Each structure stands twice: as C-alpha cells, then as structure tokens.
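Chains, contacts and geometry: an overview
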Amino acid sequence: MVSSNARLPSAWTIADALKVHADDPTTTMPVIAQDFPVIDDALWQWDTGALRRITGETVTFKGWYVMWSLVAERAQTGDDAAGWHNRNAFAFIGYYYSRNGIDWTFGGRLLNTSADLRPDEWSGSLIMRHGSENVLDMFYTSVNTDMNQSMPSVSSGTIHADDSGVWFEGFTATTEMFSADGLHYANASQDPYFDFRDPHPFINPADGQVYCLFEGNVPGMRGDFVMTDREAGHLPPGYTVGEGAGYGAAAIGIARLVSSYAQGDFSRWEMLPALVTALGVNDQTERPHVVFANGLTYLFTISHHSTYTGGLAGPDGVYGFVSRHGIFGPYTPLNSSGLVLGNPSSAPYETYSHFVDPMGYVQSFIDTLPAPGTDPQAPATYRIGGTLAPTVRIALEDDRTFLTEVHDYGQIFAFDEWAASNQPDPRPAT
Ligand code: FRU
C-alpha cells in the first residue's frame, strides 16, 4: 500500500474526460416520467442519504428505514422555480422514515437548532456509531449564507423508534472537524468559489482507521494553474487545451481521524493530499463516497455539466474511479472516462446528487424535467423536481459499471434485510 502522505493525487486527465459521452445506455439514467410522484409537497427535497454503518451498508432501525435529506420549506422559498433555485439559503437537514423503504413520513428537523453554528446545513452522512445500539453521528456541512465559510462538522445523538415512528434525541451541539487550510485544499482567499464540504467518513478495511472523504479544490490561486502532462494525459495529435481549463480545480479530499472514534471525539484530523484531482477538467467533485467491492476500491463523486472547463463537456451525474491498491490509489477512471451514470441529453438536468451504496443501488433527486417537445438545453417550460428520483442499480465489474435495474421513486434498500433473510450476501465479494 502506498503510504497515505507521501503520494501525489491521481489525475482525472483531460484525455480521460474527452472519452465522456452522454447517452450510452449502460451509463445513462432512465428518462423520468413527466408525472413523477412528489414525496413531500410541503418541502423541497434534494441531497439525500440512508442511515448507514461506517462500513457503508444501509441499515434499518427497529424495522424502520431512515433517511436524511436536505430540505427547505416551499412556503418560505416560494413554491415555484425561483423558490427551488433559491433553496440553498434555507437548507436544513430533515429526516424521513418508512416501513417499506418506499412510502416516507417526514419526521422533522434532525439537528436541534442549538447545534447550528451557521445559518445553513448542507450535505454529509448519517452513521450508526460502530459497536453502539443507538448512537448516531450526523456528519454535515455548516455553511454561512455567502458560502465563504464552509466547515465539515458533526453532531451526535441517539435514535429511538416505536410502532408509530422514529425520533431523535441529542444533536444539540456541533464539533467542527477541519477547515480548508490553503495547503492541502484551496481556501476562500485563494478561490472565492472554493468548495469544502460533504463529509463522508468510513473505516478503511486495510488499516482499520477512520478517514473522511470530502469535496475540495486544489490549493493555489484560482485561474493560476498551469497544466502539465500529468493533467493533460495522452492527448490526440494537434489537440490544444481549451481556454479557461485552469479554472477547473476540483479535488476529492481525504483526512484521517486522530482523536478517538470509540469516544465519539471527532475534533482532531490529519489533512492528507487529495485522492483524485480534476485540474483542467472540472471545478467540482461533490459528495465523494467509497465502496469496497471485488477486492477493489471504488470512489464515486457527483459533478455538473456546468463545472467542466476548457471546452470539455459531460452530463450532470455520478462519476467514479477505481483503485487496485486500496484507498490511497492510484486511481483510474471507471469506464475509461469516469462517467458512471449521467443524465440523458433529452433531460440533461433531470437528476443530481447520486449516491452509490455497497450493493450498487443509486439514489438521487429530481432537479428539472423539460416539458415534452421543448428544447431540452433551453426548455421554455419545465417541471421542477424537489423530490427523489427512481432508485437504480448498477453492476460493478472490475473497472466498468453497467446500469441494470430501475426501482421506485426514493426507494431505499437495506443490507440488513438480506442479512436476516438467509439469502446469499448481495454485495459484490470483497
Ligand atoms: C450537491 C451539493 C452539495 C452541497 C449541497 C448544497 O448537490 O452541491 O455539495 O452540500 O448540494 O445544496
């Protein structure tokens, strides 16, 4: 295994990104029906995650499926397109519970407002503390409204349930985990558009230690990056790197927990060099997460069409990288290009914020769906989502992925259901 600190990030190269193509049926989300159902018509609902173990598997609690979602009150933002696009300034983490993983009841706020150090709560992970009956850690991003402060943070509490539903206690205080230091990851003074969020903790099977992935940017002054052969990759003859490539500086960040996980002390972390950078390719690699399967390490991240740089293009969706040597890489892009599941070009913004679980189920939210017959790139009319998309499943086969199943809107599958059913382990072999 490559040591965690003495290594360079793997590069998602310009040449790799030239292989990204929308509409390959094995890497494209199904077109969503115009009459999609809405899970919660009082709230906009977007980034979502199931209650999971720190080893990745989705779990139920006392027979209930549980998920957190970023939500905003439609009554507060406006129940229209402008309200939807303004939702981030009103975001908080809500939770939902369900008996069957399909029909969801809104439970309220997950964090007590006393936990809020800043006005907005953005994405993260809800994790059952390893070895405990009902202690949970909500990792999330504490953000101020103009986004110049963005801190991966954590609040802890307990989960409770009876026949009528699920509720939480605690979650009254927040610990800030780490901040953008300008050395390992760009900070606000280097890059006014810096991203530093979406904590995803996990136990690394190779060393048993707790690490956290997050969305970051390559450190350095925005726009000043010079592309080398490392970022370019194997470019075709005559290809010239497009103008503005240097504005793409996304990084999949990683830090190691130094304080005690068993004691729920998340205050001290060691910042490590990024796992993958997208210098010259794209400025955002969001909600990074990891799946250990087939003896390989799969790193997934979501990205936008609008954040590609230097004339490169690709659909909104989930991208991925695979390592044969554990979490510290080196990584190569899945499917050669990195694209795992993109939106179809007939509905280029239909879904976003995909999360791949260890069984290959992929959950996402509906953003906007162009009205039939309109130009999908600039639709005259479209339907706003603000609710969950159909869950799909992908197969992971070595360094390739394939779309294989489509399920219900917002459906969540739990690993413990299979564990209790005496059926073979549905996860790919590790
Ligand atoms: C992804 C994302 C996250 C962020 C959240 C804010 O959809 O951009 O990076 O935490 O949305 O809404």
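Residues numbered from 1 in each chain as written. Predicted model: local features only at pLDDT ≥ 70, side-chain atom pairs only at ≥ 80, totals over all residues. Heavy atoms only, no water.

1. What to know about the overall build of the protein
Within the protein one finds five helices and 25 strands. The globule rule puts the C-alpha radius of gyration for 430 residues at 22 Å, and the 20 Å found for the protein is close to it. For the C-alpha atoms alone, the extent of the protein along its principal axes is close to 65 × 55 × 45 Å. Residues counted as buried form 59% of the 430 residues belonging to the protein. In the protein, of all internal contacts separated by at least 6 residues, the share reaching a separation of at least 24 is 65%. Of the roughly 16300 Å² that the protein leaves accessible, carbon and sulfur atoms contribute 51%. Looking at charge distribution, the protein has the averaged site of its 22 positive side-chain charges lying 5 Å from that of its 49 negative ones. (Helix = DSSP H or I, 4+ residues; strand = E, 2+ residues; numbered from the N terminus. Rg over C-alpha atoms; globule rule 2.2 N^0.38 Å. Buried < 20%, exposed > 50% of the residue type's maximum accessible area, 1.4 Å probe, protein only. Contact = heavy atoms within 4.5 Å. Areas by Shrake-Rupley, 256 points an atom, 1.4 Å probe, with all protein chains shown as cover. Lys, Arg positive; Asp, Glu negative; His and termini not counted. Charge placed at Lys NZ, Arg CZ, Asp CG, Glu CD.)

2. Let's talk about the nonpolar core
In terms of nonpolar packing, the biggest core is built from 61 residues, with Leu 51, Leu 110, Met 138, Val 166, Phe 168, Tyr 298 and Phe 300 touching the most fellow members. Among the elements that line this core, the one with the most residues is strand β4 (residues 65-73), at seven residues. Filtering out sequence-adjacent residues up to four positions away, Phe 300 remains in contact with Arg 287, Pro 288, His 289, Val 291, Val 318, Tyr 319, Gly 320, Leu 334, Val 340, Val 356, Ile 394 and Leu 396. Core analysis: the next-biggest nonpolar cluster, separate from the first, contains 51 residues, Ala 180, Phe 225, Trp 269 and Phe 328 among them. (Core = buried A, V, L, I, M, F, W, Y, C linked by side-chain atoms within 4.5 Å.)

3. What to know about the UniProt feature "binding site: substrate" (unreviewed entry) in the protein
The feature "binding site: substrate" (unreviewed entry), as annotated in UniProt, sits at Ser 123, Arg 197, Asp 198, Gln 284, Thr 285 and Glu 286 in this numbering. Their sequence span is 164 residues, while the largest C-alpha to C-alpha distance among them is just 14.5 Å; these annotated residues converge on one region. Lining residues of the second largest cavity, restricted to the annotated ones just named, are Asp 198. Along the chain, the position of Ser 123 falls in strand β7 (residues 120-128). Apart from residues lying up to four places away in sequence, Ser 123 is in contact with Asp 47, Trp 68, Leu 70, Tyr 140, Thr 141, Asp 198, Pro 199 and Arg 287. At 2.6 Å, the side chain of Ser 123 forms a polar contact with the side chain of Asp 47. (UniProt positions renumbered as here; feature names shortened; annotations may be inferred. 1 Å grid on protein atoms, 1.4 Å probe; cavity = no way out; pocket = protein on both sides within 12 Å on 5 of 7 lines; lining within 4 Å. Polar contact = N/O pair within 3.5 Å; in protein donor to acceptor, adjacent residues only side chain to side chain.)

4. Quick notes on the site of the ligand
In the neighbourhood of the ligand, 13 residues make up the surrounding shell, with Trp 46, Asp 47, Asn 88, Arg 197 and Asp 198 lying closest. In the environment of the ligand, an oxygen atom lies 2.5 Å from a nitrogen or oxygen atom belonging to the side chain of Asn 88. For the ligand, an oxygen atom lies 3.3 Å from a polar atom in the side chain of Glu 215. For the ligand, whose free accessible area comes to 320 Å², the fraction covered by protein is 93%. (Near = heavy atom within 4 Å.)

5. What to know about empty space enclosed by the protein
Empty space among the atoms becomes apparent when a probe as large as a water molecule is rolled across them. Counted according to the given criterion, the structure contains four cavities of 30 Å³ or more. In this structure, the largest cavity spans a volume of roughly 180 Å³. Secondary-structure elements contributing two or more residues to the lining of the largest cavity are β2 (43-50), β7 and β22 (361-370). The volume enclosed by the second largest cavity comes to roughly 50 Å³. In terms of lining, the second largest cavity is formed by Gly 124, Ser 125, Asp 198, Pro 199, His 200, Arg 287, Pro 288, His 289 and Phe 355. Where the lining of the second largest cavity is concerned, the elements lending two or more residues are β7, β12 (197-203) and β16 (286-293). (Points joined across faces, edges and corners; volume = space filled by probe spheres on them.)

6. Concerning the sheet that holds strand β15 (residues 269-277)
Spatially, five strands are ordered β1-β15-β14-β13-β12 in an open sheet, and the strand pairing comes out mixed. Taken across any chain shown, the strands that pair with only one partner, and hence form the sheet edges, are β1 (10-11) and β12. Inspection of the sheet shows strand β13 (residues 210-217) paired to strand β14 (residues 250-257) by seven bridges, in the antiparallel sense. Each bridged residue has a counterpart across the sheet, and for Phe 214 the counterpart in β14 is Gly 253. (Pairing = 2+ DSSP bridges.)

7. Notes on the packing of aromatic side chains
With the rule as written, the count across this model stands at 26 aromatic pairs. Taken together, a centroid distance of 5.9 Å and an interplanar angle of 70 degrees make the contact between Trp 84 and Phe 365 edge-to-face. Remark: Phe 365 occurs in strand β22 and Trp 84 occurs in helix α3 (residues 81-85); sequence separation between them is 281 residues. As far as the burial class goes, Trp 84 and Phe 365 line up, both buried. With a centroid separation of 4.9 Å and an interplanar angle of 70 degrees, the aromatic rings of Tyr 185 and Phe 214 are classed as edge-to-face. You can see Tyr 185 sitting in the loop between β11 (175-176) and β12 and its partner Phe 214 sitting in strand β13, a full 29 residues away along the chain. On the basis of relative accessible area, Phe 214 is assigned to the buried category, the value being 0%. (Phe/Tyr/Trp six-rings, centres within 6.5 Å; stacked < 30°, edge-to-face > 60°.)

8. Here we look at the UniProt feature "binding site: Ca(2+)" (unreviewed entry) in the protein
In the numbering adopted here, UniProt assigns the feature "binding site: Ca(2+)" (unreviewed entry) to Asp 283. Turning to its location among the elements, Asp 283 is positioned in the loop between β15 and β16. Classification of Asp 283 by relative accessible area gives buried; the value is 10%. Filtering out sequence-adjacent residues up to four positions away, Asp 283 remains in contact with Asp 195, Asn 217, Arg 222, Tyr 247, Gly 248, Ala 249, Ala 250 and Thr 307.

9. Some details on the side chain of Thr 297
Structurally, the position occupied by Thr 297 is in strand β17 (residues 296-303). Among all residues touching Thr 297, those that are not within four sequence positions of it are Val 290, Val 291, Phe 292, Phe 321, Val 322, Ser 323, Gly 326, Ile 327 and Tyr 331.

10. Section: the layout of surface pockets
Taken as a whole, the largest pocket holds about 600 Å³ of empty space. Every residue lining the largest pocket is counted, 30 residues in all, and those nearest its centre are Asn 88, Arg 197, Gln 284, Glu 286 and His 304. Those elements giving two or more residues to the lining of the largest pocket turn out to be β2, α3, β7, β12, β21 (351-356) and β22. A breakdown of the residues in the lining of the largest pocket according to their chemical character gives twelve nonpolar, eight polar and ten charged. (Nonpolar A, V, L, I, M, F, W, Y, C, P; charged D, E, K, R; others polar.)

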